[in-house]
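Notes for the structure review
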Amino acid sequence: MLIDAHCHLNAISDCPLRQQILNTQGNGYIFIDVSIDSDSSLQSLSLSQNYYFIYSSLGFHPFTDEVFSSGTIEKYRDLFKNNNKIAVPPGTVIKCKYY
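The rules behind each value
Sequence positions are assigned chain by chain, starting from 1 and proceeding in written order. Given that this is a predicted model, residues contribute local features only at a pLDDT of at least 70 and side-chain atom pairs are listed and counted only at 80 or more, while totals for whole chains, interfaces and linings are drawn from all residues. Only hydrogens and water are set aside when side-chain values are computed; all heavy atoms of the structure are taken into account. Under the DSSP-based scheme used, a helix requires at least four consecutive residues in state H or I and a strand at least two consecutive residues in state E, with every element numbered from the N terminus. In this description, contact between two residues means that some pair of their heavy atoms is separated by no more than 4.5 Å. In these tables, accessible area is a Shrake-Rupley quantity obtained with a 1.4 Å probe, and a residue counts as shielded only by the protein chains included in the view. In this description, a nonpolar core means a group of buried Ala, Val, Leu, Ile, Met, Phe, Trp, Tyr and Cys residues linked to one another through side-chain atoms lying within 4.5 Å. Residue exposure (1.4 Å probe, protein chains only): buried if accessible area is under 20% of the type maximum, exposed if over 50%, otherwise partly exposed. Working rule for helices: expected span equals 1.5 Å times residues minus one. The arc in question is formed by the directions pointing from the helix axis toward the C-beta atoms.

1. Looking at the overall build of the chain
Summing up its helical and strand segments, the chain has three helices and three strands in all. Traced from its N-terminal end to its C-terminal end, the chain shows the element sequence β-α-β-α-β-α. Of the contacts formed within the chain by residues at least 6 apart in sequence, a portion of 65% connects residues at least 24 apart. Accessible surface computed for the chain: about 6,700 Å², of which carbon and sulfur atoms make up 56%.

Structure follows, in structure tokens:
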């Protein structure tokens, strides 16, 4: 078994490769689907709930920093509480911003 610890299946919905991966049912692979914002987190969770070989890594990319708020933190807390297929892959960086 091989593990892809950082992919963005949630971002390639129109790509034939994504459909090929989903059709093969993983074929001996585990995919950790990484999100970059709230929307991609929801897409990733949907994939992980529908495919046993996909796990979600919920995240927020620094490029989307301008829309980050305390409401975002609460939304992520709820996502973590209500889902059991969330992974935190090695090398994950948590960004702290100081004012």
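After that view of the structure, there is still more to cover.
2. Here we look at the nonpolar core
Membership of the largest hydrophobic core is limited to nine residues, which are C7, L9, I21, L22, I30, F31, L47, F53 and I54. When residues of this core are traced back to their parent elements, those giving at least two are α1 (16-23) and β2 (29-34). Aside from chain neighbours lying at most four places away, what touches F31 is D4, C7, L9, I21, G26, F53, I54 and Y55.

3. Focus: helix α3 (residues 70-81)
Between its terminal C-alpha atoms α3 stretches 17 Å, which fits the 16 Å expected from twelve residues at 1.5 Å a residue. Along α3, the residues classified as buried are T72, Y76 and L79. Looking straight down α3, one finds that the buried residues subtend no more than 55 degrees of arc, so they occupy a single side. Facing away from the buried side of α3, by more than 90 degrees, are the exposed residues S70 and K81. Among the structural elements, α2 (38-50) are those in contact with the buried residues of α3.

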